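Listed below are the residues making up each chain.
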Amino acid sequence: MDWGEFGKNIIGKKMIVLLAVTGAVYFFLQYLTPLLAPVLLAMLFVTIFGPMMKRMNRKLHFPRPLSAIVLLILATLLLAVLLWVLSSWVLGSLPVWIRSVDAREQEWLAMVRDLCHGVGEIIGVDASYLENTVSGRLQEGLDSLEENILPGMLSQSMQYVRWFAELGGFLVTFLIASVLLAKDYDGIMNHLLDQESCHVLLEVICGIVRYIATFVKAQGIIMSAIALTAAATLGIAGIKHGVLWGILAGILDALPFIGTGVVLVPLGIWQLLEGSFGRALICGVLYVVCIFLREILEPRLIGRKIGVSPIAVLVSLYAGIQLFGVWGIIKGPLGFVLIYETYHSLSKMSDRQTNEETRS
């Protein structure tokens, strides 16, 4: 037997399988996930919290559907309390910010005037002309905001209503699917265990659950590290409510669409307008530090726990962003885990079949 040719055939078949699995995972994440998102999320919820539901059933005699409802209500209440505290703090601070803006308007104009005079002397341009030009551009920007952006935001009110309606439909579907799956979970799992062809699916599900648990734990650690770093830095810098701003930045950093920039960048601009250049610089440096903290910690915390290289997780993050946009932060590593678990499960099943054929 030509062992070299045999090895090439084996490698070729594995490459074909890997490419097929990669294509199937991409199709699933790109086209099926948006359609099945509430049901898939319900499956993950029931699978992850299944042991807790069993304990509630054993100790409190709660049926599994009731246990699922109780857990969902507790999670909703916790999230609602957190959002209420944050929104109350932000809305309560708005009048103070607005009054401070009105009180410091003249100070800002004087600062712009001094800046124009300084720049005019350096570049040899008449300071009055430069001041009028800058003031005119600022006024044009404000007029554009009033005439175009704000009316445009109001005209999109129906779009916002549609988004909220879609969110409500998503949550209702998720709730119903969670209750139904919790009721029939044992029967579904027993049916899958009886089917040998479904063992690969079970291994993939276990791998995904392990990844989700690792991901949530890693996000908690990263969020805590960033919140602690930001709160300590802003508090030591003497920024008003710096500790609260830092905690808010750490919480928002876990959200794909937001991040710490939505807190630290406006806060730095505010410090700059108040003339606190040192504090503005601290906010900018802190923003960069928070980005590096996430980029360093996330691949290490996730990669080590799921048994893959941190560089592979980092590459999957980048590839996910390129393929799926902002949601690639989640879909990229999740797709990698799907490919990894599916390929290895298929390989093990193929090896078992080969061994059985050899023995027979």
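Before reading further, recall that the structure is shown in the block above.
Chemist: I keep staring at the overall build of the chain and nothing clicks. Help me out?
Modeler: The secondary structure content of the chain amounts to 11 helices and 0 strands. The proportion of buried residues among the 360 residues of the chain is 28%. Considering only residue pairs separated by 6 or more positions, the chain has 63% of its internal contacts joining residues 24 or more positions apart. Total accessible area on the chain is roughly 23,000 Å²; 70% of this is exposed by carbon and sulfur atoms.

Chemist: For this particular structure, what's the right way to read helix α2 (residues 50–60)?
Modeler: Turn by turn, an α-helix covers 3.6 residues, leaving residues three or four places apart pointing in a common direction. Of all the residues in α2, the buried ones are Gly-50, Met-53 and Met-56. For α2, the arc enclosing every buried residue in end-on projection is 120°, short of the 170-degree limit, so these residues lie on one face. In α2, those exposed residues whose orientation departs by more than 90 degrees from the buried face are Arg-58 and Lys-59.

Chemist: Got a minute to help me understand the environment of Leu-72 in this structure?
Modeler: Examined against the element boundaries, Leu-72 turns out to sit in helix α3 (residues 64–123). A residue is classified by how much of its surface remains accessible, and Leu-72, at 12% relative accessible area, is buried. Spatially, the C-alpha atom of Leu-72 lies 8.0 Å from that of Leu-175, the residues being 103 residues apart in sequence. Setting aside its immediate chain neighbours within four residues, Leu-72 contacts Phe-45, Phe-174, Leu-175 and Ser-178.

Chemist: Could you clarify how one ought to interpret the side chain of Lys-331 in this entry?
Modeler: Tracing the backbone through its elements, the reader meets Lys-331 in helix α11 (residues 328–359). A distance of 3.0 Å separates a polar side-chain atom of Lys-331 from the backbone oxygen of Leu-29. Those residues in contact with Lys-331 that sit more than four places away from it in its chain are Leu-29, Thr-33 and Phe-324.

Chemist: What am I meant to see in the packing of aromatic side chains here?
Modeler: When we look at a pair of aromatic rings, we describe it by the centre distance and by the angle of the planes. Within this structure, the stated rule accounts for 5 aromatic pairs. Measuring from centroid to centroid gives 6.0 Å for Phe-45 and Phe-174, while their planes differ by 70°, and the two rings are edge-to-face. Of this pair, Phe-45 sits in helix α1 (residues 3–48) while Phe-174 sits in helix α5 (residues 157–194), and the two are 129 residues apart along the sequence. Residue Phe-45 shares its accessibility class with Phe-174, and that shared class is buried. An aromatic cluster of at least three residues, connected via ring pairs, comprises Phe-45, Phe-49 and Phe-174.

Chemist: So what exactly am I meant to see when it comes to the packing of helix α7 (residues 242–252) against helix α8 (residues 261–273) here?
Modeler: At their nearest, the axes of α7 and α8 sit 8 Å apart, and the two run at 140° to each other. Between α7 and α8, the angle is such that the two are oblique. Together, Trp-245, Leu-248, Ala-249 and Leu-252 of α7 and Val-262, Val-263 and Leu-267 of α8 make up the contact between the two elements. Grouping the constituent residues of the contact of α7 with α8 by class yields 7 nonpolar, no polar and no charged.

Chemist: Help me understand the environment of Leu-267, please; the structure alone is not making it clear to me.
Modeler: With respect to the helices and strands, the residue Leu-267 is situated in helix α8. For Leu-267, a relative accessible area of 9% gives the class buried. Along the chain, Leu-267 and Gly-284 lie 17 residues apart, while their C-alpha atoms are 9.2 Å from each other. Aside from chain neighbours lying at most four places away, what touches Leu-267 is Leu-234, Ile-239, Trp-245 and Cys-283.

Chemist: Hey, could you run me through a nonpolar patch on the surface in this one?
Modeler: A surface patch of nonpolar side chains, amounting to about 690 Å² of accessible area, comprises Tyr-26, Phe-27, Tyr-31, Leu-32, Leu-35, Leu-36 and Leu-323. Mapped onto the elements of the fold, Tyr-26 is located in helix α1.

Chemist: Which parts of the structure should I look at to understand the side chain of Thr-260?
Modeler: Structurally, Thr-260 is set in the loop between α7 and α8. With relative accessibility at 3%, the residue Thr-260 sits in the buried group. The residues contacting Thr-260, other than those within four sequence positions of it, are Ile-226, Ala-249, Asp-253, Tyr-287 and Cys-290.

Chemist: Explain unusual backbone geometry to me, please; I cannot follow it from the model alone.
Modeler: The backbone phi angle of His-61 is positive, close to 60°, even though this residue is not glycine. Mapped onto the secondary structure, His-61 falls in the loop between α2 and α3. Judged by relative accessible area, His-61 falls into the exposed class, the value being 65%.

Rules of the game
- Residues numbered from 1 in each chain as written.
- Predicted model: local features only at pLDDT ≥ 70, side-chain atom pairs only at ≥ 80, totals over all residues.
- Heavy atoms only, no water.
- Helix = DSSP H or I, 4+ residues; strand = E, 2+ residues; numbered from the N terminus.
- Buried < 20%, exposed > 50% of the residue type's maximum accessible area, 1.4 Å probe, protein only.
- Contact = heavy atoms within 4.5 Å.
- Areas by Shrake-Rupley, 256 points an atom, 1.4 Å probe, with all protein chains shown as cover.
- Arc of directions from axis to C-beta.
- Polar contact = N/O pair within 3.5 Å; in protein donor to acceptor, adjacent residues only side chain to side chain.
- Phe/Tyr/Trp six-rings, centres within 6.5 Å; stacked < 30°, edge-to-face > 60°.
- Axes fitted to C-alpha atoms, helices over the stretch in contact; angles between N-to-C directions.
- Parallel < 35°, antiparallel > 145°, perpendicular 65-115°, else oblique.
- Nonpolar A, V, L, I, M, F, W, Y, C, P; charged D, E, K, R; others polar.
- Patch = residues over 30% accessible without salt bridge, like charges linked within 9 Å, V, L, I, M, F, W, Y side chains within 5 Å.
- Salt bridge = Lys/Arg side-chain N within 4 Å of Asp/Glu carboxyl O.

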